[in-house]
Amino acid sequence: GNSVTQMEGPVTLSEEAFLTINCTYTATGYPSLFWYVQYPGEGLQLLLKATKADDKGSNKGFEATYRKETTSFHLEKGSVQVSDSAVYFCALRNTNAGKSTFGDGTTLTVKP
Amino acid sequence: EAGVVQSPRYKIIEKKQPVAFWCNPISGHNTLYWYLQNLGQGPELLIRYENEEAVDDSQLPKDRFSAERLKGVDSTLKIQPAELGDSAVYLCASSRGGQDTGELFFGEGSRLTVL
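Residues numbered from 1 in each chain as written. Chains lettered and ligands numbered in written order. Predicted model: local features only at pLDDT ≥ 70, side-chain atom pairs only at ≥ 80, totals over all residues. Heavy atoms only, no water.

This part takes up the overall build of chain A. Secondary structure assignment for chain A yields zero helices and twelve strands. Taken over C-alpha atoms, the radius of gyration comes to 13 Å for chain A, in line with the 13 Å a tight globule of 112 residues would show. Counting only C-alpha atoms, chain A reaches 45 × 25 × 20 Å along its principal axes. In chain A, which comprises 112 residues, the share counted as buried stands at 46%. Restricting the contact set of chain A to residue pairs at least 6 apart, pairs at least 24 apart contribute 55%. Surface exposure of chain A reaches about 5300 Å², of which carbon and sulfur atoms provide 46%. In chain A, 10 side chains carry a positive charge and 11 a negative one; their mean positions are 8 Å apart. (Helix = DSSP H or I, 4+ residues; strand = E, 2+ residues; numbered from the N terminus. Rg over C-alpha atoms; globule rule 2.2 N^0.38 Å. Buried < 20%, exposed > 50% of the residue type's maximum accessible area, 1.4 Å probe, protein only. Contact = heavy atoms within 4.5 Å. Areas by Shrake-Rupley, 256 points an atom, 1.4 Å probe, with all protein chains shown as cover. Lys, Arg positive; Asp, Glu negative; His and termini not counted. Charge placed at Lys NZ, Arg CZ, Asp CG, Glu CD.)

Next comes the structure, spelled out in structure tokens:
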């Protein structure tokens, strides 16, 4: 079956530091890949996505590239802000199955 | 557009009591999902609806959990009787369905505490 493995947290960084959160997956076929973010007290919301190999998703300074050869979709940001403090979830979806599979989430805390 | 609305946000009950959660998806979204989120874990699918039809309920514990989506809009998830291990956040999400991009739109969740 499908599975998503995320870098274990929590991750604590200083403001303006570089961020990488690793995500690898196991899936049949060609899934779409997603990063969702959950800010304190809010629901999960889509951060970025990529639907095919070598696609790069980007939003709010975050980027992730769909790497089929390494089955990875690592999240990166060059300079984090305090407002980026949240829980980040990597997810995949096989379009035909209509079902999304999530990683366990990585908690990021950015200190001023 | 209005987002996915869930209620209640918080519920505290004693074990063996019943509880129900309600979800109103984004208007026009044909697909509705109920997810379970345990502390420190990612969401796990309980049930997926396409319009009124439950097309994937393989992970729903049917001995105590039930769900319905009347008229293909709002949905209710019920637990009866609740057990201590049911303490978790119950998430509702919706999507356009069909050949959509796969993005899920989540509500804020209903946090259940069973004492």
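Now for the sheet that holds strand E7 (residues 56-59) of chain A. Residue and element names in this part refer to chain A. Within the open sheet, the four strands sit side by side as E3-E9-E8-E7. Their pairing is antiparallel. Looking at strand neighbours, the two that pair on one side only are strand E3 (19-21) and E7, the edges of this open sheet. The average angle at which neighbouring strand axes cross in this sheet is 15 degrees, direction not considered. Both strand E8 (residues 62-65) and strand E9 (residues 75-77) contribute to a ladder of three bridges, which runs antiparallel. When the sheet's bridge partners are listed, Phe 62 is paired in E9 with Lys 77. (Pairing = 2+ DSSP bridges. Axes fitted to C-alpha atoms, helices over the stretch in contact; angles between N-to-C directions.)

The next point concerns the sheet that holds strand E7 (residues 65-68) of chain B. Residues and elements named next belong to chain B. On the basis of which strands lie adjacent, the open sheet formed by four strands has the order E1-E3-E8-E7 and antiparallel pairing. Since the sheet does not close on itself, it has two edges, and those belong to strand E1 (5-7) and E7, each with one partner. Looking at each pair of strands side by side, their axes are set apart by 15 degrees on average, direction ignored. Direction of pairing for strand E3 (residues 19-24) relative to strand E8 (residues 75-79): antiparallel, over a ladder of five bridges. Within the sheet, the bridge partner assigned to Ala 20 lies in E8 and is Lys 78.

Next up on the list: unusual backbone geometry. Residue and element names in this part refer to chain B. A cis geometry characterises the amide bond from Ser 7 onward to Pro 8, with omega recorded as -5 degrees. Structurally, the position occupied by Pro 8 is in the loop between E1 and strand E2 (10-13). With omega at -5 degrees, the peptide bond leading from Gln 80 into Pro 81 counts as cis. Following the sequence through the fold, Pro 81 ends up in the loop between E8 and strand E9 (88-95). Positive phi is not limited to glycine here, since Lys 16 has a value of about 80 degrees. Mapped onto the elements, Lys 16 comes out in the loop between E2 and E3.

None of this, on its own, says anything about what the molecule does.
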